[in-house]
Amino acid sequence: MYATWNDQQQGQIRIVSSRGGKGKPLLKEPGKYITPTFSPDGKTVVYQKISGGYITKPTWDLNTGIYAVSAKGERRASKPILITENGQKPHFGSSNDNIYVVRRGKKTQLAFVSLNGKDDRLLYQGEFSTEYKVSPSGEFLAFAERFKVFVTPFVERGDVITIGPKGGNLPVKQLSVRAGEGINWGGNSDELYWSLGADLYQTSVADLFMINQIDSYKVNKIAAKVSSNVIQTYLGYLSLIHI
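Described below are features of the structure shown in this document. (Residues numbered from 1 in each chain as written. Predicted model: local features only at pLDDT ≥ 70, side-chain atom pairs only at ≥ 80, totals over all residues. Heavy atoms only, no water.)

Focus on the packing of aromatic side chains
For any pair of aromatic rings, the description rests on two quantities: the centre-to-centre distance and the angle between the ring planes.
Right, on to step 1. Counting across every chain of the model gives eight aromatic pairs.
Right, on to step 2. Ring plane angle 20 degrees and centroid distance 6.0 Å describe the contact between Phe-140 and Trp-185, whose orientation is recorded as stacked. Residue Phe-140 is located in strand S13 (residues 140-145), and its partner Trp-185 is located in strand S17 (residues 181-185); the two are separated by 45 residues in the primary sequence.
Right, on to step 3. Judged by its relative accessible area of 11%, Trp-185 falls in the buried class. (Phe/Tyr/Trp six-rings, centres within 6.5 Å; stacked < 30°, edge-to-face > 60°. Helix = DSSP H or I, 4+ residues; strand = E, 2+ residues; numbered from the N terminus. Buried < 20%, exposed > 50% of the residue type's maximum accessible area, 1.4 Å probe, protein only.)

Structure follows, in structure tokens:
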């Protein structure tokens, strides 16, 4: 699944078979669509509709927000449903019935929103956090602060949790040595990916947070193992310039 853009025709969300072929459009109206994502059962697609400005035309800019639509596409009996007008980077955890979104303000926050929009509550906030990503298993939360990538056990409770590198009452591990952004989880929630420029980084988070952490020596040993297992892949390309 991917989002398209054309300066004249606007954008669309398309789904294509893993075997290849032509992408099938999901929506009937063109617009400016970004960050589409599947629900765990693959039956629902959630995406964000944004407005234009600067170098893009202001057409098809009404009713922005985060929407859900059937993965089979928009039909007469299956129209896109507005989940919330406030949020970015929508993604699922382990449930098909709710999503998590990032909200900007004085502090960047992570919010829980049910697909029907009736349950909307803040979960996390950080003084210098820039993005959050809940793992597909719903067990972990990855976040970026001051361009470094961290991971912590994911907890949902009544009060908003203030998160940071020190973590407070929750254990937090730093995964990136240098800067990182564009956080994504592997499907089994045992690997984490992030990017830095043209490089993609990945590392295993298996056994990072053990239920019975006997002593700090073992914890530090596991953290050191994660740092040494980070894999770097170059995603850019070089072009030849003939003078």
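Having seen the model, we can carry on.
Brief notes about a positive patch on the surface
Right, on to step 1. A contiguous patch of positive charge, built from Lys-24, Lys-43, Lys-72 and Arg-75, is present on the exposed surface.
Right, on to step 2. Locating Arg-75 in the fold gives a position in the loop between strand S6 (65-70) and strand S7 (81-84).
Right, on to step 3. A residue is classified by how much of its surface remains accessible, and Arg-75, at 42% relative accessible area, is partly exposed. (Patch = residues over 30% accessible without salt bridge, like charges linked within 9 Å, V, L, I, M, F, W, Y side chains within 5 Å. Areas by Shrake-Rupley, 256 points an atom, 1.4 Å probe, with all protein chains shown as cover. Salt bridge = Lys/Arg side-chain N within 4 Å of Asp/Glu carboxyl O. Lys, Arg positive; Asp, Glu negative; His and termini not counted. Charge placed at Lys NZ, Arg CZ, Asp CG, Glu CD.)

So, the layout of surface pockets
Right, on to step 1. Computed from the structure, the largest pocket encloses a volume of approximately 450 Å³.
Right, on to step 2. As for the largest pocket, its lining consists of 22 residues, of which Thr-37, Pro-90, His-91, Lys-133 and Asn-184 are closest to the centre.
Right, on to step 3. Elements supplying a minimum of two residues to the lining of the largest pocket: strand S4 (33-38), strand S8 (88-91), strand S12 (129-134) and S17.
Right, on to step 4. Taken together, the residues of the lining of the largest pocket break down into ten nonpolar, nine polar and three charged.
Right, on to step 5. Computed from the structure, the second largest pocket encloses a volume of approximately 170 Å³.
Right, on to step 6. Leu-27, Lys-28, Glu-29, Tyr-33, Tyr-47, Lys-49, Asn-63, Tyr-67, Glu-74 and Pro-80 together form the lining of the second largest pocket.
Right, on to step 7. Grouping the constituent residues of the lining of the second largest pocket by class yields five nonpolar, one polar and four charged. (1 Å grid on protein atoms, 1.4 Å probe; cavity = no way out; pocket = protein on both sides within 12 Å on 5 of 7 lines; lining within 4 Å. Points joined across faces, edges and corners; volume = space filled by probe spheres on them. Nonpolar A, V, L, I, M, F, W, Y, C, P; charged D, E, K, R; others polar.)

Examining unusual backbone geometry
Glycine aside, a negative phi is what most residues show, and trans is what most peptide bonds show.
Right, on to step 1. Positive phi is not limited to glycine here, since Lys-89 has a value of about 50 degrees.
Right, on to step 2. With a relative accessible area of 33%, Lys-89 lands in the partly exposed category.
Right, on to step 3. In this structure, Phe-147 takes a positive phi of about 65 degrees despite not being glycine.
Right, on to step 4. Checked against the element boundaries, Phe-147 lands in the loop between S13 and strand S14 (148-153).

Details of the nonpolar core
Right, on to step 1. With 16 residues, the main nonpolar core has Tyr-100, Leu-110, Tyr-124, Tyr-132, Leu-141 and Phe-154 as its most contacted residues.
Right, on to step 2. When residues of this core are traced back to their parent elements, those giving at least two are strand S9 (98-103), strand S10 (108-114), strand S11 (120-126), S12 and S13.
Right, on to step 3. One finds Val-149, Val-151, Val-205 and Phe-209 within the second-largest nonpolar core, a separate group that totals 14 residues. (Core = buried A, V, L, I, M, F, W, Y, C linked by side-chain atoms within 4.5 Å.)

Thoughts on the pattern of salt bridges
Right, on to step 1. By the definition in use, this model includes seven salt bridges.
Right, on to step 2. Glu-131 is the salt-bridge partner of Lys-89, the closest N and O atoms lying 3.8 Å from each other. Of this pair, Lys-89 sits in strand S8 while Glu-131 sits in strand S12, and the two are 42 residues apart along the sequence.
Right, on to step 3. As a salt-bridge pair, Glu-156 and Arg-121 come within 3.8 Å of each other at their nearest N and O atoms. Of the two residues, Glu-156 is situated in the loop between S14 and strand S15 (161-162) and Arg-121 in strand S11; the sequence distance between them amounts to 35 residues.
Right, on to step 4. Three or more residues are tied together by salt bridges with common partners; here these are Asp-119, Arg-121 and Glu-156.

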